[in-house]
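Inside the fold
Okay, here's what each chain looks like letter by letter:
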Amino acid sequence: MSLTKKILIALILGVIVGLGFNLFAPNAFIPLDTYALTPLGQLFLKLITMLVVPLVFFSIVLGTAGIGDPKQLGRIGSKTIAYYLVTTAVALVIGITVAYILQPGQPGLMGESEAEYSAEEAPPIMETLLNIIPENPIEAMATGEMLQIIAFAVFIGFALAKLGDKTRGILRLMEQGNEIMMYLVTVAMKLAPIGAFALIASALGKLGLDALGSMMMYVVAVILALVIHALLTYGGLIALLARQNPIAFFKGFFPAMTVAFGTSSSNATLPLSMKTAQENLGVSKPVSSFVQPLGATINMDGTGIMQAVATVFIAQVYAAQLSFGDLVTVVLTATLASIGTAGVPGVGMIMLAMVLSSVGLPVEGIALVLAVDRILDMLRTAVNITGDASAAVIIDRTEAKHIEKEAAASARRA
């Protein structure tokens with residue numbers, strides 16, 4: 001049986017077990033979750049997370065060194081960032097549109113909830129951009145500052161490409177380090193079905209169906225917007241720009257999507273995302289190694305959709321009117337805020353606080369969406385990494401065409 005089928009079966013069993021215990025044996029669920037489900041889920045997460053920093057470093061170094069030509073590196077980098085920013089803006093527009101059509105936030109929908117949310121302040125955009133350059137690369141690796149790790153790795157890769165034979169040994173060491181990381185990913189993925197089962201069973205066992213009751217229209221709006229964005233935006237761009245069958249793309253990338261659903265973390269899923277894109281979608285290693293780690297850090301389309309729907313939902317609940325200018329502010333703020341936010345569970349709440357503040361809505365409104373955020377976090381993470389993979393496929397195909405054109409032009413000149 002393939003890994004995809006095993007993970008899918010594990011997710012279905014996890015849903016049955018989690019809801020079953022929540023509905024029929026809630027007292028028995030507590031020891032089961034404490035001594036079995038949570039430890040198994042955390043074990044899988046820790047195994048994958050352990051590999052993220054070294055894998056990102058080796059991958060970006062090799063991706064940059066493999067591209068070599070500064071002109072090509074600049075072209076790939078600018079295309080990647082432009083793709084991510086445009087698709088994030090499109091995702092936000094889709095989220096706002098769906099929210100206004102479905103009107104999920106009718107007054108009183110929040111019920112009697114008195115939950116509180118303490119907002120953490122998001123850093124200013126300029127500060128984020130300046131902080132991309134690490135003062136201490138070793139500290140950046142120790143604390144998992146992904147943008148700083150990526151920036152340092154780009155500099156190392158560029159130097160290796162320029163120095164050529166002088167640093168052949170270091171380049172070979174990086175290649176061997178990357179091979180070790182990819183092998184360890186394969187080993188860790190043997191636990192993926194168990195980890196997926198434990199994570200989803202634990203989440204649903206705690207939340208149950210009650211959490212979904214009063215928030216159903218909000219949940220439906222977010223899920224509908226996520227599906228529309230994945231199928232139309234990613235599927236359409238894959239067909240239009242990469243000349244590839246979208247169904248084959250989604251089918252090939254499905255194993256990584258299922259793991260992203262279980263882990264709720266773009267960074268934790270990154271090792272499998274890259275492996276799947278390279279092996280199942282035919283993306284070249286240099287492009288995959290550059291585009292996908294960058295996407296795990298700055299591409300937050302799924303999170304953007306959640307923010308757009310949640311902002312409209314909270315405005316409706318509080319009977320606040322959002323002007324067209326406010327909606328434009330939401331799109332711009334959330335798009336820019338996606339740069340530099342870590343691809344870890346829960347970061348969407350910090351971004352949402354920033355978006356709500358930008359249009360004068362009460363940050364306390366976040367408490368209304370917290371109950372169902374864990375489940376939606378799973379879905380939007382799967383969309384986030386699918387966006388990374390679509391970018392890798394499209395940029396890989398366009399680069400191949402560009403190289404072919406340059407070769408043909410050189411042949412004509414000769």
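Residues numbered from 1 in each chain as written. Predicted model: local features only at pLDDT ≥ 70, side-chain atom pairs only at ≥ 80, totals over all residues. Heavy atoms only, no water.

**Side note on the pattern of salt bridges**
Going by this rule: By convention in these notes, a salt bridge is any Lys or Arg side-chain nitrogen within 4 Å of a carboxyl oxygen on Asp or Glu. Only DSSP runs of H or I reaching four residues or more are called helices, and only runs of E reaching two or more are called strands; each is numbered from the N terminus. Buried residues are those whose accessible area, probed at 1.4 Å on protein chains only, stays under 20% of the maximum for their type, while exposed residues exceed 50% and partly exposed ones sit between those limits.
Applying the stated criterion across every chain yields a total of eight salt bridges. With a shortest N-O distance of 3.2 Å, E279 and K275 are connected by a salt bridge. Of the two residues, E279 and K275 both sit in helix 12 (residues 266-280), four residues apart, roughly one turn of that helix. Put simply, R380 and D377 hold a salt bridge, and the shortest N to O gap is 3.4 Å. In this pair, R380 and D377 both sit in helix 17 (residues 367-413), three residues apart, roughly one turn of the helix. The pair R380 / D377 is uniform in exposure class, with both members buried.

**Let's talk about the packing of aromatic side chains**
Two descriptors summarise a pair of aromatic rings, namely the distance from one centre to the other and the angle between the planes of the rings. Convention followed: The pairing test for Phe, Tyr and Trp rings, Trp by its six-membered ring, is centres within 6.5 Å, and the orientation test on the planes gives stacked under 30 degrees, edge-to-face over 60, and tilted for anything in between.
As enumerated under the stated definition, the model contains six aromatic pairs in all. For the ring pair F57 and F152, a centre distance of 6.1 Å and an interplane angle of 20 degrees mean the geometry is stacked. One end of the pair, F57, is in helix 2 (residues 26-67); the other, F152, is in helix 6 (residues 146-163), and 95 residues separate them in sequence. Taken together, the aromatic side chains of F57, F58 and F152 make up a single cluster linked through ring pairs.

**Quick notes on a nonpolar patch on the surface**
Short version of the rule: For patch building, the residue pool is restricted to those with more than 30% relative accessible area and no salt bridge; the joining distance is 9 Å between like charges and 5 Å between nonpolar side chains (Val, Leu, Ile, Met, Phe, Trp, Tyr). Residue exposure ignores everything except the shown protein chains as possible cover, and the areas themselves are Shrake-Rupley values with a 1.4 Å probe.
The grouping of L8, I9, I12, L13 and I16 at the surface amounts to a nonpolar patch, some 450 Å² of accessible area in total. Its place among the elements puts I9 in helix 1 (residues 3-24). With a relative accessible area of 41%, I9 lands in the partly exposed category.

**Notes on the packing of helix 12 against helix 13 (residues 285-298)**
Counted only if it meets this: Note on geometry: axes are C-alpha line fits, over the in-contact stretch for helices, and angles between N-to-C directions span 0 to 180 degrees. Every angle not falling under 35 degrees, over 145, or within 65 to 115 is termed oblique; those three ranges are roughly parallel, roughly antiparallel and roughly perpendicular. Each helix crossing is assigned a hand: it is left-handed if the near helix lies turned anticlockwise from the far helix by less than a right angle, otherwise right-handed if that turn is clockwise. Residue contacts are defined here by distance: any two heavy atoms, one from each residue, within 4.5 Å place the two residues in contact. Think of it as three bins: nonpolar holds Ala, Val, Leu, Ile, Met, Phe, Trp, Tyr, Cys and Pro, charged holds Asp, Glu, Lys and Arg, and polar takes everything else, Gly as well.
Contact geometry for helix 12 and helix 13: axes closest at 10 Å, N-to-C directions at 155 degrees. Relative to helix 13, the element helix 12 lies roughly antiparallel. Once helix 12 is placed against helix 13, the crossing between them reads as right-handed. For the pair formed by helix 12 and helix 13, the contact residues are S266, N267, L270, S273, M274, A277 and Q278 on the first element and K285, S288, S289, Q292, P293 and A296 on the second. Among the residues making up the contact of helix 12 with helix 13, the classes are represented as five nonpolar, seven polar and one charged.

**Things to note about helix 12**
We apply this condition: Values of bend correspond, residue by residue, to the angle between axes fitted over the seven residues ending at that residue and the seven starting there.
At L272, helix 12 shows its maximal kink, close to 35 degrees. Remark: G282 follows helix 12 within two positions and exhibits a positive phi of approximately 75 degrees.

**Comments concerning the nonpolar core**
Rules: In these notes, a set of buried Ala, Val, Leu, Ile, Met, Phe, Trp, Tyr and Cys residues joined through side-chain atoms within 4.5 Å is what counts as a nonpolar core.
M189, Y218, L281 and V291 are the most contacted members of the largest nonpolar core, which has 110 residues in total. Per-element tally for this core: the top contributor is helix 2, with 14 residues. Those residues in contact with V291 that lie beyond four places of it in its chain are I76, T80, Y84, D388, A391, A392 and I395.

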